[in-house]
Amino acid sequence: RVLQLDRNGYYGGDGASLNLTNLFEKFQAGEAPSNLGANRDYNVDLIPKFIMACGNLTKMLLHTKVTRYLDFKSIAGSYVYNGGKILKVPATPQEA
């Protein structure tokens, strides 16, 4: 048996993935606005993990058929929190 004690209301520590409610609580930003949609629609990684589409890890996951348990999704954008603001990371020369 394992007893997990964590002072946070979520599991994962510094590498956790937070839903909308946990995210707003962590950064003491009050209540999540209702216009953002359902809480379960969000899963924000505190330490994002990216897998390159043509990389060796992707090939290995496909070969071992682990992909039956995974969902792949292309990202629409990448953002950083800096100086109290959320900023979009440029992905094309036009955005830079």
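Just so we're clear, the structure is a prediction, and the values are computed from it rather than from any experiment.

*Asks:* Explanation requested: the overall build of the chain in the structure shown.
*Replies:* Looking only at helices and strands, one finds two helices and four strands in the chain. For the chain, the sequential pattern of α-helices and β-strands runs β-α-β-α-β-β. Its C-alpha atoms give the chain a radius of gyration of 17 Å, more than 25% over the compact-globule value 12 Å for 96 residues. Structurally, the chain occupies a C-alpha span of about 55 × 45 × 25 Å along its principal axes. Residues classed as buried in the chain amount to 10% of the 96 residues present. Contacts spanning at least 24 positions in sequence make up 26% of the contacts within the chain whose residues lie at least 6 apart. Per element, the accessible surface of the chain, about 8800 Å² overall, is 55% carbon and sulfur. Placing the 11 positive and 8 negative side-chain charges of the chain at their respective mean positions leaves the two points 8 Å apart.

*Asks:* Before we go on, may I ask you to explain the side chain of Thr58 in this structure?
*Replies:* Of note, Thr58 is situated in helix α2 (residues 56–63). Discounting chain neighbours no more than four positions away, the residues touching Thr58 are Ile51, Met52 and Ala53.

*Asks:* Would you take a moment to explain the environment of Ala91 for this structure?
*Replies:* Topologically, Ala91 is positioned in the segment after β4 (85–88). Spatially, the C-alpha atom of Ala91 lies 7.7 Å from that of Gly77, the residues being 14 residues apart in sequence.

Reading the values: rules and limits
Residues numbered from 1 in each chain as written. Predicted model: local features only at pLDDT ≥ 70, side-chain atom pairs only at ≥ 80, totals over all residues. Heavy atoms only, no water. Helix = DSSP H or I, 4+ residues; strand = E, 2+ residues; numbered from the N terminus. Rg over C-alpha atoms; globule rule 2.2 N^0.38 Å. Buried < 20%, exposed > 50% of the residue type's maximum accessible area, 1.4 Å probe, protein only. Contact = heavy atoms within 4.5 Å. Areas by Shrake-Rupley, 256 points an atom, 1.4 Å probe, with all protein chains shown as cover. Lys, Arg positive; Asp, Glu negative; His and termini not counted. Charge placed at Lys NZ, Arg CZ, Asp CG, Glu CD.

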